Amino acid sequence: MGGQAMYKNRMNARDTFLSAGQVKADVPVSISESWSRSLSYKIDPNLRKTPEVLNQMDVHMLQESSLLYHAYQSIVPKIQSFIHTKYSIMLADHKARLLHVNADHQLMELLTSVNAVPGGVWSEELCGTTAFGTTLVAGQPVVIHDALHFCESWQNISCAGVPIFHPITKQVIGVLDLTSFAEDFPAHALVLTQTVAKSIEMEIFNQLQIHRLYLENTFLEKELAISNDLLVAIDLDGQIVRSNDPATTDQQEWCNRFEWLHYFQSCQEQFDLSLLSTIVSTERPLPFLPDPATGRVQLVYYKNRLIGALVQMRRQPSRSALPSKGTAKEMVGESPQWLGLLQKLDKVAGRDMSVLLIGESGTGKEVLSQYIHDHSLRRHKPFVAVNCAAFAHDLVASELFGYAPGTFTGGLKEGKVGLFEVADGGTLFLDEIAELPLPIQAMLLRVLQEKQVTRIGEYKARPLDIRIVAASNKDLKKMADAGQFRLDLYYRLNSIELKVPPLRERKEDIVPMAEHFLSAHRHGSFAYRLMPDTMDALRLYDWPGNVRELKNAIEHAVVFAEDDRIFPWQIPDMIQESTGTIEDSRRLLQSTPLDDERTQIVEALNDSRYNYTKAAKQLGISRGTLYNKMKKYEIT
């Protein structure tokens, strides 16, 4: 089929869509979807030029602050020989604002007539289907031949648009476009444009590396001139490049959703451009921190281009260490295993990635997940804890994902919000995740991958921004190998996997934790205290129920305590039997007449001047048994 016939086919397809709303089979999906969006935006098919063009000052500011523009300018000499004079190469940023237009003669005249000039805005919302706006929406390369454009005024040209990705964040930061008159459009247009786009991405990466090195050097020079202040170097994306406080670097306490470009532009406007590289401003509010703070911002320039800033502020506990939250008081322990785990938690908390906690039941995984949330950038948003083992299998999906009105007989008539949506913006803790049925695991994986959730009975996906902390007392990798847990979900969840040690492996923490649980029963000056033999009994026990069992044992002891002292016979019988406390008591009872027994105890106490350890040793019994006998014979 000749070129003219193909043009007529495309024209007929567009006319059929506009008149009858029908899409012919040979129209690419990316084009038909863009046509539908153009209709929804109420774009005039007879639009003659883009209605929005930035003024020259704004264009200049945009170009100067654009890493994309400078990278393109660096590679232009390398690609000039490959670009035919019949082609136009255009560059737009992530908002479809043109940064550069390279064209000759008649093609340049046409582009200028439709405002395809630096500063022209070519988003779909303004201009309908074009290589700029449609490529940005699709996030993938798009070819638009002549009549496939939504507006007639640019149907005598054809275009190839390729997205340009940030080499580190992988976000779309712009579009490279090759345009020509339709009859001159090359067959290899898309390949050529993709090659140039890749060259731009490589140049951006190289420039970022140079900027990072220069920022680090500027930081080191500044660090020598300050004393106790906190100093942080950040790049134009707000990422920490260097800090004199490791805790700050670990936390990345800079909001990822902050408008850094706007912030840096506003900073530039407040100073004389010739002095920017040397001036340090007076203290000012720092809006990019999650909590109110003030500090000094020194903008850093490389070859007269802004590349980042040094932020200097007074050291405060809330800045240089993780903030003290409600869960901190629960994090009791002094064993090397426990302290090592806390160090890892501190590093993980500030990084917005999923965490998998593996440990026996009762080890405190929910407390640890709450600690992660409370020390993260999401701490002001919801924390939702879900026990996956507590749901009936046929209700799991509706509880997690929610459902539309009228979906279930007996369900809420107005529908229900799922727990994922309840946790939006915050942290969702999925305890005992191994208990989720395999079909629900598949649904969960899809939610995590797409970052959106669809209620049961609905077709509209809702955007979702949550952090997942999952926990299990089973080896998920072994379960995955056995086909009992999805391997892809396991790898999605365990960006960071932390082992939570059982209580029996951190004996040093048992008494401090027991005393912590006792402190909950403090009343004014009255406080319970563990007697030495009680401490011994607690340390000797293996604690199969871990922290949960220890807490229950202390609650049991408080119920049976007669004063402020907690004796071994007041803890559960199972612990007494396991540690031999009851057996010691029975042996003494069998070998000594009752009257003589009391006398022997009193004498041993007098001889040792009421040193319980020496008295028990003299009698040949444990201190726990001695306390039992003292209570029995009312010896004080």
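Residues numbered from 1 in each chain as written. Predicted model: local features only at pLDDT ≥ 70, side-chain atom pairs only at ≥ 80, totals over all residues. Heavy atoms only, no water.

To continue, consider the overall build of the chain. Helix and strand counts for the chain stand at 26 helices and 21 strands. For the chain, with 636 residues in total, the buried portion stands at 50%. Within the chain, residue pairs in contact and separated by at least 24 positions form 66% of the contacts whose partners lie at least 6 positions apart. Carbon and sulfur atoms make up 52% of the accessible area of the chain, which totals about 31200 Å². (Helix = DSSP H or I, 4+ residues; strand = E, 2+ residues; numbered from the N terminus. Buried < 20%, exposed > 50% of the residue type's maximum accessible area, 1.4 Å probe, protein only. Contact = heavy atoms within 4.5 Å. Areas by Shrake-Rupley, 256 points an atom, 1.4 Å probe, with all protein chains shown as cover.)

Here we come to empty space enclosed by the protein. All chains considered together, the criterion is met by two cavities of 30 Å³ or more. Reported here for the largest cavity is a volume of approximately 100 Å³. Forming the walls of the largest cavity are 14 residues, and the residues nearest its centre are Met90, Trp122, Phe132, Ile157 and Cys159. Of all the elements in the fold, those that place two or more residues in the lining of the largest cavity are α7 (131-138), β4 (157-165) and β5 (172-181). (1 Å grid on protein atoms, 1.4 Å probe; cavity = no way out; pocket = protein on both sides within 12 Å on 5 of 7 lines; lining within 4 Å. Points joined across faces, edges and corners; volume = space filled by probe spheres on them.)

Attention now moves to the pattern of salt bridges. Taken as a whole, this structure holds 25 salt bridges when the rule is applied. Among the ionic pairs, Arg378 bridges to Asp465, the shortest N-O distance being 2.8 Å. Of this pair, Arg378 sits in the loop between α13 (365-374) and β12 (383-387) while Asp465 sits in the loop between β17 (462-463) and β18 (467-472), placing them 87 residues apart in sequence. Since its relative accessible area comes to 6%, Arg378 is described here as buried. Residue classification places Asp465 among the partly exposed positions, given a relative accessible area of 27%. Residue Lys477 is joined to Asp481 by a salt bridge in which the shortest nitrogen-to-oxygen separation is 3.1 Å. Note that Lys477 and Asp481 are positioned in helix α17 (residues 476-481) at a spacing of four residues, about one turn of the helix. (Salt bridge = Lys/Arg side-chain N within 4 Å of Asp/Glu carboxyl O.)

When two helices pack together, you describe them by how their axes are tilted relative to each other and by the distance separating the axes. Closest axis-to-axis distance for the helix α4 (residues 67-79)/helix α8 (residues 189-223) pair is 8 Å, and the angle between their directions is 120°. Judged by the inter-axis angle, α4 sits oblique to α8. The handedness of the crossing between α4 and α8 is right-handed. Together, Leu67, Leu68, His70, Ala71, Tyr72, Ser74, Ile75, Lys78 and Ile79 of α4 and Val196, Ser199, Ile200, Glu203, Ile204, Gln207, Leu208 and His211 of α8 make up the contact between the two elements. The class makeup of the residues in the contact of α4 with α8 is ten nonpolar, five polar and two charged. (Axes fitted to C-alpha atoms, helices over the stretch in contact; angles between N-to-C directions. Parallel < 35°, antiparallel > 145°, perpendicular 65-115°, else oblique. Left-handed = near helix turned anticlockwise from the far one by under 90°. Nonpolar A, V, L, I, M, F, W, Y, C, P; charged D, E, K, R; others polar.)

This part covers unusual backbone geometry. Trans is the common state for peptide bonds, and a negative phi is the common state for residues other than glycine. Of note, Ala96 is a non-glycine position whose phi angle comes to about 65°, a positive value. Tracing the chain through its elements places Ala96 in the loop between β1 (88-93) and β2 (98-102). Under the relative-accessibility criterion, Ala96 is labelled buried at 1%. Its identity is not glycine, yet Glu432 carries a phi of approximately 50°, on the positive side. On the secondary structure map, Glu432 appears in the loop between β15 (427-431) and α16 (438-450). The exposure class of Glu432 is buried, given its relative accessible area of 13%.

Right, let's talk about the pairing of strand β10 (residues 305-313) for a bit. Counted residue by residue, β10 has nine buried out of nine residues, so it is predominantly covered. In this structure, strand β6 (residues 230-235) lies alongside β10, joined through six bridges in antiparallel fashion. The partner of Ala233 across the bridge, within β10, is Leu310. For strand β9 (residues 294-302) and β10, the ladder comprises seven bridges, and the chain directions are antiparallel. Bridging from a neighbouring strand, Arg296 pairs with Gln312 of β10. (Pairing = 2+ DSSP bridges.)

Remark: the centre distance and the inter-plane angle together describe each pair of aromatic rings, the angle taken between the planes. Under the criterion given, the structure shown has ten aromatic pairs. Ring geometry for Phe401 and Phe420: centres 5.4 Å apart, planes at 15°, overall stacked. Linking Phe401 in helix α14 (residues 396-401) with Phe420 in helix α15 (residues 419-422), this pair joins segments that are 19 residues apart in sequence. The class of Phe420 is buried, set by a relative accessible area of 0%. Look at Tyr541 and Trp543: their rings are 4.7 Å apart centre to centre, the planes differ by 85°, and that puts the pair in the edge-to-face class. Just as Tyr541 is buried, Trp543 falls in that class too. Taken together, the aromatic side chains of Phe567, Trp569, Tyr612 and Tyr627 make up a single cluster linked through ring pairs. (Phe/Tyr/Trp six-rings, centres within 6.5 Å; stacked < 30°, edge-to-face > 60°.)

Residue-level pLDDT values for the chain average 83, and 87% of them are 70 or greater. Contacts from residues 272-279, a stretch scored under 50 in pLDDT, to residues over four places away or in other chains number ten contacts. Scored below 50 in pLDDT, residues 582-592 shows 16 contacts in the model against residues more than four places distant or in partner chains. (pLDDT = per-residue confidence, 0-100.)

All right, on to helix α25 (residues 612-619) then. For α25, the complete set of buried residues consists of Ala615, Ala616 and Leu619. The buried residues of α25 occupy an angular sector of 95° when projected down its axis, which confines them to one face. More than 90 degrees from the buried face of α25, the exposed residues found are Lys614 and Lys617. (Arc of directions from axis to C-beta.)

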